[in-house]
Amino acid sequence: MFRTKQRSDNGEEIGKLYCTTEIQAAFILSSLVTFLSGLLILFLFRLLFRIKKWQNFKGTGILLKLILTRSRSNKHLQSLYLHGVFRDRIEMLLSAQTVVGQVLVILVFVLSIGSLIIYFINSADPVGSCSSYEDKTIPIDLTFNAFFTFYFGLRFLAADDKVRFWLEMNSIVDIFTIPPTFISYYLKSNWLGLRFLRALRLLELPQILQILRAIKTSNALKFAKLLSIVLSTWFTAAGFIHLVENSGDPWLKGRNSQNLTYFESIYLVMATTSTVGFGDVVPKTSLGRTFIMFFTLGSLILFANYIPEIVELFISRRTYTSSYEVLKGKKFIVVCGNITVDSVTAFLRNFLRHKSGEIHTEIVFLGEVPPSLELQTIFKCYMAYATFVAGSALKWEDLRRVGVESAEACLIIANPLCSDYHDEDTSNIMRVLSVKNYSPNTRVIIQILQSHNKDFLPKIPSWNWTIGDNIICFAELKLGFMAQGCLVPGLCTFLTSLFLEQNSKVSPKQPWQKIFLSSLKNKILTQRLSDDFAGLPFPEVCLLCFVKLHLMLIAIQHKSSPSGYCGLILNPPAQVKLQKNTLGFFIAESAKDVRRAAFYCATCHSDVHSPELIGKCSCKFKSRRDFSVCQMMAAEYHGNDHWSGWLEHEFESEENILLEESDYFDSSGMFYWCKATHLEKVILKRTDKSKHEFRNHIVACIFGDAHSTLMGLQNFVMPLRASNYPRQELKDIVFIGSLEYLQREWRFLRNFPQIYILPGSALYTADLHAVNIEECSMCAVLSSSSMSPSQTSVDAQIIMATLNIGSLRISYSDPTPIVSNQTPLSSQGHCQKRHCRRIPILTELKNPSNIHFIEQLGGMEGHLPGTSLHLSTSFSTGLVFSGSFLDSLLATAFYNYHVLELLHMLVTGGLSSHMEQHLKSESLGGPSNGCNVLLSRRNRCKLGLLSLHRSILLDIQPKKTFGQVFCGLLNNCGILCLGLYRLIDDNEERNPDHKRGVYYFGKFVIIRPANEFKLLPSDLVFCAIPFNIPCRENDFSWETINTIPQASKAPSGINNPPTASPVGQTTTQLLSALVPLWEQKTTSVSNSKQSILTQSGELSPQTHTGKENMKEPPAGPVPIQT
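Caption draft 1: Here's a closer look at the overall build of the chain. For the chain, the count of helices and strands is 35 helices and 29 strands. Across the 1122 residues in the chain, those meeting the buried criterion constitute 55%. Of the contacts formed within the chain by residues at least 6 apart in sequence, a portion of 75% connects residues at least 24 apart.

Caption draft 2: Local environment of the environment of Gly480. Among the structural elements, Gly480 can be located in helix α17 (residues 474–487). Overall, the relative accessible area of 0% leaves Gly480 in the buried class. Sequence separation of Gly480 and Met905 is 425 residues, and the distance between their C-alpha atoms is 9.9 Å. Aside from chain neighbours lying at most four places away, what touches Gly480 is Ala475, Asn715, Pro719 and Val907.

Caption draft 3: Spotlight on the packing of helix α5 (residues 137–158) against helix α7 (residues 169–177). Put simply, α5 and α7 touch, their axes get as near as 11 Å, and they point 140° apart. Overall, the two elements α5 and α7 adopt an arrangement that is oblique. Seen from above, α5 lies across α7 with left-handed handedness. Here Asn145, Phe152 and Arg155 of α5 lie close against α7, whose contacting residues are Asn170, Ser171, Asp174, Ile175 and Thr177. The residue inventory of the contact of α5 with α7, partitioned by class, reads two nonpolar, four polar and two charged.

Caption draft 4: Up close: the packing of α5 against helix α8 (residues 179–187). Two elements in contact, α5 and α8, have axes whose closest approach is 9 Å; the angle formed by their N-to-C orientations is 135°. It follows from the interaxial angle that α5 and α8 lie oblique. The handedness of the crossing between α5 and α8 is left-handed. Side by side, α5 and α8 meet where Asp141, Leu142, Asn145 and Thr149 of the first sit next to Thr181, Phe182 and Tyr185 of the second. Tallied by class, the residues present in the contact of α5 with α8 amount to three nonpolar, three polar and one charged.

Caption draft 5: Quick peek at a nonpolar patch on the surface. Taken together, the side chains of Ile28, Leu29, Leu32, Val33 and Leu36 define a hydrophobic patch exposed on the protein surface, amounting to about 410 Å² of accessible area. Within the secondary structure, Val33 is located in helix α1 (residues 21–51). A residue is classified by how much of its surface remains accessible, and Val33, at 51% relative accessible area, is exposed.

Caption draft 6: How the structure looks around the packing of aromatic side chains. Going through the model one piece at a time under the given rule, you end up with 35 aromatic pairs. Relative to Phe332, the ring of Tyr324 has its centre 5.0 Å away and its plane inclined at 50°; by these criteria the two rings are tilted. For the pair Tyr324 and Phe332, one class covers both residues: buried. Each residue in the set Phe347, Phe351, Phe365, Phe379, Phe388, Phe894 and Tyr895 is aromatic and connected to the rest through ring pairs, giving one cluster. Sitting over the face of the ring of Phe156, Lys162 holds its NZ or CZ atom 4.9 Å from the ring centroid.

Caption draft 7: Focus on the pattern of salt bridges. Going through the model one piece at a time under the given rule, you end up with 17 salt bridges. Measuring nitrogen to oxygen at the nearest pair gives 3.2 Å for the salt bridge that ties Arg198 to Asp174. In this pair, Arg198 is assigned in the loop between β4 (189–190) and α9 (205–211) and Asp174 in helix α7, connecting sequence segments 24 residues apart. Of the two residues, Arg198 and Asp174, neither departs from the other in class, the shared state being buried. Note that Arg431 and Glu368 form a salt bridge whose closest N and O atoms lie 3.1 Å from each other. With Arg431 in helix α16 (residues 421–438) and Glu368 in the loop between β6 (361–367) and α14 (373–381), this residue pair connects regions lying 63 residues apart in the sequence. Taking the relative accessible area as the measure of exposure, Glu368 reaches 47% and is therefore partly exposed.

Caption draft 8: Seen up close, the sheet that holds strand β5 (residues 331–337). Read across the sheet, six strands follow the order β7-β6-β5-β8-β9-β10 without closing on themselves; strand pairing throughout is parallel. For this open sheet the edge positions go to β7 (386–390) and β10 (470–473), each flanked by a neighbour on one side alone. The average angle at which neighbouring strand axes cross in this sheet is 20°, direction not considered. Those strands touched by α17 are β9 (444–448) and β10, and its axis lies near 55° from that of β10.

Caption draft 9: A look at the nonpolar core. Membership of the largest hydrophobic core comes to 192 residues, with the highest contact counts inside it found for Phe365, Phe716, Phe735 and Leu969. Those residues in contact with Phe716 that lie beyond four places of it in its chain are Leu479, Met482, Ala483, Cys486, Ile698, Ala700, Ile733, Phe735, Ala780 and Leu782. Within the second largest apolar cluster, 56 residues are counted, among which are Phe35, Val173, Leu202 and Ile310.

Caption draft 10: Layout of helix α13 (residues 341–353). Look at α13: 18 Å from first C-alpha to last across 13 residues, which is about the 18 Å you get at 1.5 Å a residue. The complete set of buried residues in α13 reads Val341, Ser343, Val344, Ala346, Phe347, Leu348, Asn350, Phe351 and Leu352. In the core, the buried residues of α13 are packed alongside β5, β6, α14, β7, β8 (410–413) and α30 (888–895).

Parameters at a glance
- Residues numbered from 1 in each chain as written.
- Predicted model: local features only at pLDDT ≥ 70, side-chain atom pairs only at ≥ 80, totals over all residues.
- Heavy atoms only, no water.
- Helix = DSSP H or I, 4+ residues; strand = E, 2+ residues; numbered from the N terminus.
- Buried < 20%, exposed > 50% of the residue type's maximum accessible area, 1.4 Å probe, protein only.
- Contact = heavy atoms within 4.5 Å.
- Axes fitted to C-alpha atoms, helices over the stretch in contact; angles between N-to-C directions.
- Parallel < 35°, antiparallel > 145°, perpendicular 65-115°, else oblique.
- Left-handed = near helix turned anticlockwise from the far one by under 90°.
- Nonpolar A, V, L, I, M, F, W, Y, C, P; charged D, E, K, R; others polar.
- Patch = residues over 30% accessible without salt bridge, like charges linked within 9 Å, V, L, I, M, F, W, Y side chains within 5 Å.
- Areas by Shrake-Rupley, 256 points an atom, 1.4 Å probe, with all protein chains shown as cover.
- Salt bridge = Lys/Arg side-chain N within 4 Å of Asp/Glu carboxyl O.
- Phe/Tyr/Trp six-rings, centres within 6.5 Å; stacked < 30°, edge-to-face > 60°.
- Lys NZ or Arg CZ within 6 Å of the ring centre and 35° of its normal.
- Pairing = 2+ DSSP bridges.
- Core = buried A, V, L, I, M, F, W, Y, C linked by side-chain atoms within 4.5 Å.
- Expected span 1.5 Å × (residues − 1).

Take a look at the structure:
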């Protein structure tokens, strides 16, 4: 017989049968035969299918019958259709998409666990014994396996690839556990065998918990997956050890077996997994030891990866899911949104540098996912200032946990590198709405990527500008910076540098680098002015602050009497009198310096000559005015009556011009406006270059397609169409890019005048020549949204376009002076010297680290050390811009939102956020007919560059130092000087390009030079120029280091000869300078004849690009053109 009954000590049968080797082999071979035979049959059917592949039928059963009979009768087709419908329903059932399917999947899992429990119960008996049918667990297990057989058949019918299904893990579990059950029914006994494989069904635990909705968070799901992997591995490995150790090696007929319980097997597996190995329980069989050898290698991976992750889930849950403890008197802010390593690092660096060593505000980061290991390291480094709480700003429970109602502010960070700007803005706006609904009085500062999305925020009922709610629009500011850089060369770098963090570790070698880095110490700061300044006009206060306090006051916050609107004014005219407690805006190095403006006392500090000695005084009665200093400064400069009469004369004609141009303004009076223009009328063709000879225009290179996210080009155009520029001085704007993309942008641009589109690409030189790029005043290369996964390749097209444009050369002749420095300009001798210049270009980079790809365009050695964009030569000379610094504005807006308002006004053409809301409150719905209203809004300063010797500065004497020019311009003309644009002293022998006749004479920016800073003849001055100053540029020229006022007979450029047009007389000057300059227009009270000083020093009629030659310039204000 194959089995014998086991008896107890008293001779009674105990229902257990001893299984011989043959019976055990029958159980195992039944599974092996089933697996191998099934696999062989499936391979044969697949081979037959490939032979008959022209039939294009799949499957077995009825499909195989169709293949063999080659019948295509309707009956067979109907059967095929029914079979397909049946398969679809089975797939729907097995995918748990219906209630019945969910019940079926859950039932299979529960029965598998039940079968595993039966195995645990039967494992208490010796492995060599077989359970008879007197054991009640045998029929139950047989019923379970019958259901498993049915479920296996359903899965087999629904499988597309039968061979792959046969090799799946769940299929192998069923194949090696179901056939032995039917063998046991035939033999009337059951053996443990391979039933431990049922433990692999535990891997389906996460799916079952999701169906039951027992887990709702990602952490819970991750924990369920890790736990199921660990448990199924342990139970399966323990079952194999339990089998082979109790059975012994087959070739030794079980002589080396040992009596090992299932619990001891689990103990051995866990000790092996943990790499402890106590040695009290060890495998003795060769199969067991071989299995342990391979299992040890796998357990190292299992223990090293999964176990620490499980522990980390519990630790992080306790660490980051607890509530933030709000203490009375403790200040803190809540930061949410895009919480990543890069965004947190940038925010902490910018937030903590504002008040280094004086930070008393804690930062609570509210992140939707637990922080990564790298982010945890950052939080540990800043543990004194930063805390992380896991949660979402969209849930009130999480807002309560971080105490947002008690926070100083809630800051929302956007992701400027995301692929979908609209979705990012929508998510952040929803966060604002959630915060405001939970706590209406909480201050919110948000970053927005697209300008049109910011219109939703003021519509929130609890949004309040007065408590500091603010919006930082990336597209508006970024494109506004680029537009200002197109109007005034170097201005983009000048404004950006006011918000940069100085790198004190840099040690520059070149003299110009030292000057540039030293000027980076200056920032925009605010301070309430002393009441002793009340009643004084702004120019007098500005002069007093500059001379006596060594402070540069550039703007004030002024409240107008009629409307009560309190807005910012840059360089107000003398008619504006300071009020008490006026907020002043300074360019200074530290907040300690600007406090002098608050401490100043006319009585106590009148005889103090050192600014460092001005401090808070104790006098109770302060004089209202101190005219001594202002009168002394006014006496140093003559000609006030001459300039005053001139300004009054020009102001009289200003209103007449305004009446003529009022129809060209929008309803706010801030920008030029026209009727909607059809796109077909502005599209240019390459073959029609002769019809559109552009001069002194702006070329904008766009990279985008029909699917790209809109960048908002109206933010680039609006500063270029500001109303404080006369209409005849507006520059043409030519966009080069994909027509499909520009069609989508055109609906926002169609009401702006003088805009043209050339379908093409800046990567092709022919398209650049088609827009006459040789004669442009600036070429801007704008970046668009990119789907590139690499941060290096995100600027690939921008870099290639910059290299392509930078490779263009314009050849021209330039006279070189052969005189001493004391020789008058009109008597200087000249000799002809040939030069090549490059197209003026301003490039926007998304990734600042890509600066090294275009740094070579500077053509100079000795770049500033370091990889930072803001330490590069290209940035210091105003050739490159990156919006990465906009991240620092979030901290700036929190500490002082007035500074952000000033920046917004300077960048967008005079329209600040508060003014925008003020205009909306007035409900201006159409073109305004009020001349006084338009005049008040148009009469605002504009930024520009003035030359020391060929502009309005020609009559200012002396002008050896910056302080002398500052006082002379402000006292005589009302022009406020801000900084310098100076040539880089580049040695011709040191630069190899000079030997080829190619000259690059870049200028670098100097912010707020010292009062005694020595000036050079080639210096240009950044100025805030009043609207009514009658300055006019005679020509649009590009200055080089050897350029001086030259004769009009100088030969024109070789590559671009002058055309037969009114501008032909000035083509030579157009090619001979690096930046546009102001020509002095002299006016005599006794002689009404006006003339223009040309570059040769002679008086000649003025010429203007694209217009007829005029002997006299038109009366009225003119803008700064570059």
